[in-house]
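Breakdown of the fold
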Amino acid sequence: MKKTTEAYSYVTNKNVSSTTHEDSAYFSAEKIGKVWRFQQTHKKYTNTPLYSLRHLANYLGVKDIKVKDESTRFGLNAFKVMGGIYAVAKYLAELLDKDVDNLSFEELQSAETRNALGDITFITATDGNHGRGLAWAARELGQEAAIYMPKGSQPSRLEAIQNEGAFAEITELNYDATVRMAARLAKENDWVMVQDTAWEGYEKIPLWIMQGYASIAHEIVQEMDKTDDPAPTHVFLQAGVGSFAAGIASYLKQHYQGQAPKIIVVEPDKAECYYRSFLNTHNEMEIVEGEMDTIMAGLACGEPSSIAFRLLSHYAAASYSCGDSIAALGMRILGNPLQGDPRIISGESGAVPLGLLYRLRTKERDKTCEAINLDQNARVLIISTEGDTDQQHYRNIVWNGCFPNECI
């Protein structure tokens, strides 16, 4: 089924399955628990807040809305470092012929380890958040990083990466072409590619990054278990290449098994590769080409990751393709909450799921909601993946009203 409005389009995944995909074995509680324990060995690690927006839930007529705020992660204003820190550490541990599960971040930082490893340069393509996380992880471990950004990337995000000590520049290419360029440079210079998108022949490091992302879900489940909160019924997950969404979805499927929540994929309408793929009768992977001009820079990816696509085509119940006004709406709602709810500073890619949820429960409340059982009993989980990573753009939207919605 496809439903179109002015702000978003919707399609169900005809091949969604209740069974566990074989790749999900990489996301078991045991495996991700070990990833999480390693990440915690860094002295700056802290759990990020998991908020309940009780008043908004009541206003929208759902049972509960929880928002995980990743803007405080390692002081980097976004979740991406969770993948980079683990992938880089895992790679270095393998060079040392050691198990990263038995190492600490401090051990990898030691002079002895640095001397044993020599000089390594890590390279990636990024809109900003992943690159900054990788640059930070490389610097923390005494290594170098080269970061290439797609055309249209914000100078403030470039500067943030450079401030982490990495070489970084903005290219004249879109995201997917920048990834291919970075892969070529890695091969030519004997650098290490650390990309969260996978393709044939390049899946090991992307899998490690996904496992790093999945520890966010582990952290959420741990906190909900402590407070005896019931499992979410719906999880709205942003998808660029899909690695973040697939990592979170796979962990939740492993943890909750038959009680796993519905996974709803959310994408920009200019980079709707999962949406288009789900429109296919056989869920064949579709690629979006062109400029992909959207304010949701972190999601402006036209080619799905091979691993992520296998998992999300199995687990995702539906995909929504959203215009920029949906993301802007989410930013304004989170930044200006109902009295009694916490204020959350969320960037364009971080806020789009909440903007979509608001639209679904205020403007529609029809077959779109019915098809995914988004009703008064729904317990919704959303992850705000970034803060105001471009502060001027954030103010332009939240203060100055750029990308307005029609009155609802």
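Below or above, wherever it landed, is the structure these notes cover. On a predicted model such as this, the values are computed, not experimentally measured, just so you know.

**A few points about empty space enclosed by the protein**
- One pass over the full model with this rule turns up 2 cavities of 30 Å³ or more.
- Considering only enclosed or pocket space, the largest cavity measures out at about 250 Å³ in volume.
- Broken down by secondary-structure element, the contributors of at least two residues to the lining of the largest cavity are α6 (129–140) and α10 (243–256).
- Residues of the lining of the largest cavity, tallied by class, amount to 10 nonpolar, 11 polar and 4 charged.
- Shared between two domains, the lining of the largest cavity takes at least three residues from each, and those domains are domain 1 (8–78 + 205–400) and domain 2 (80–201).
- Taken as a whole, the second largest cavity spans an internal volume of roughly 50 Å³.
- Surrounding the second largest cavity, Asp64, Lys66, Met224, Asp229, Pro230, Pro232, Arg379, Val380 and Leu381 form its lining.
- Only β4 (64–69) and β12 (379–384) provide two or more residues apiece to the lining of the second largest cavity.
- Of the residues forming the lining of the second largest cavity, the biggest block, 3 residues, is contributed by β12.
- Residues that form the lining of the second largest cavity fall into these classes: 5 nonpolar, no polar and 4 charged.

**Quick notes on the layout of surface pockets**
- Put simply, the largest pocket is a space of about 360 Å³.
- Of the residues assigned to the lining of the largest pocket, the class counts are 6 nonpolar, 6 polar and 7 charged.
- Residue-level mapping places the lining of the largest pocket at the junction of two domains, with at least three residues from each of domain 1 (8–78 + 205–400) and domain 2 (80–201).
- What the second largest pocket holds in volume is close to 270 Å³.
- Class assignment for the residues of the lining of the second largest pocket results in 11 nonpolar, 5 polar and 2 charged.

**As for the pairing of strand β10 (residues 262–268)**
- Here β10 lies mainly inside the structure; 6 of its 7 residues are buried.
- Pairing analysis gives 5 bridges linking strand β9 (residues 234–238) to β10, with the strands arranged parallel. Across the sheet, residue glutamine 238 finds its bridge partner in β10, namely valine 266.
- Between the parallel pair β9 and β10, the chain is carried across by α10, and the sense of this crossover is right-handed.
- Direction of pairing for β10 relative to strand β11 (residues 316–322): parallel, over a ladder of 6 bridges. Pairing of isoleucine 264 across the sheet is with alanine 318, part of β11.

**Considerations on the side chain of glutamate 70**
- In this structure, glutamate 70 sits in the loop between β4 and α3 (81–95).
- Judged by its relative accessible area of 0%, glutamate 70 falls in the buried class.
- Setting aside anything within four residues of it in sequence, one finds glutamate 70 in contact with Thr48, Asn77, Ala78, Phe79, Ile216, Ile383, Ser384 and Thr385.

**As for the packing of α3 against α6**
- Between α3 and α6, the least distance of the axes is 8 Å, while the angle of their chain directions is 35°. In terms of crossing hand, the pair formed by α3 and α6 is right-handed. Here α3 contributes Val81, Gly84, Ile85 and Val88 to the contact with α6, which in turn contributes Gly133, Leu134, Trp136 and Ala137.
- Among the residues making up the contact of α3 with α6, the classes are represented as 6 nonpolar, 2 polar and no charged.

**Things to note about the pattern of salt bridges**
- Tallied over the full model, the rule gives 17 salt bridges.
- With a closest N to O distance of 3.2 Å, glutamate 219 and arginine 73 form a salt bridge. Placement of glutamate 219 in helix α9 (residues 204–226) and of arginine 73 in the loop between β4 and α3 is noted, with a sequence separation of 146 residues between them. The same class applies to glutamate 219 and to arginine 73, which are both buried.

**Some points on unusual backbone geometry**
- Located in the positive-phi region is aspartate 190, a residue other than glycine, with phi close to 60°.
- With respect to the secondary-structure elements, aspartate 190 resides in the loop between α8 (175–189) and β8 (192–193).
- When its relative accessible area of 72% is taken as the criterion, aspartate 190 is described as exposed.
- You will see that aspartate 228, though not glycine, has its phi angle at about 60°, which is positive.

**Re helix α16 (residues 391–398)**
- Of all the positions in α16, only His393, Tyr394, Ile397 and Val398 are classed as buried. In a view along the axis of α16, the buried residues occupy a sector of 120°, so they form one face of it.

**Looking at the packing of aromatic side chains**
- Applying the stated criterion to the full structure yields 15 aromatic pairs.
- On the basis of an interplanar angle of 75° and a centroid distance of 5.6 Å, the ring pair of tyrosine 45 and phenylalanine 74 is categorised as edge-to-face. One end of the pair, tyrosine 45, is in the loop between α1 (29–39) and β3 (50–52); the other, phenylalanine 74, is in the loop between β4 and α3, with 29 residues separating them in the sequence.
- Residue phenylalanine 74 is classed as buried on the basis of its relative accessible area of 7%.
- Its guanidinium or amino end placed over the ring of tryptophan 399, arginine 395 lies 5.8 Å from that ring's centre, counting from NZ or CZ.

Here is what the cut-offs are and how they apply
- Residues numbered from 1 in each chain as written.
- Predicted model: local features only at pLDDT ≥ 70, side-chain atom pairs only at ≥ 80, totals over all residues.
- Heavy atoms only, no water.
- 1 Å grid on protein atoms, 1.4 Å probe; cavity = no way out; pocket = protein on both sides within 12 Å on 5 of 7 lines; lining within 4 Å.
- Points joined across faces, edges and corners; volume = space filled by probe spheres on them.
- Helix = DSSP H or I, 4+ residues; strand = E, 2+ residues; numbered from the N terminus.
- Nonpolar A, V, L, I, M, F, W, Y, C, P; charged D, E, K, R; others polar.
- Domains from an automatic or database assignment.
- Buried < 20%, exposed > 50% of the residue type's maximum accessible area, 1.4 Å probe, protein only.
- Pairing = 2+ DSSP bridges.
- Right-handed = clockwise from strand over helix to strand, strands pointing away.
- Contact = heavy atoms within 4.5 Å.
- Axes fitted to C-alpha atoms, helices over the stretch in contact; angles between N-to-C directions.
- Left-handed = near helix turned anticlockwise from the far one by under 90°.
- Salt bridge = Lys/Arg side-chain N within 4 Å of Asp/Glu carboxyl O.
- Arc of directions from axis to C-beta.
- Phe/Tyr/Trp six-rings, centres within 6.5 Å; stacked < 30°, edge-to-face > 60°.
- Lys NZ or Arg CZ within 6 Å of the ring centre and 35° of its normal.

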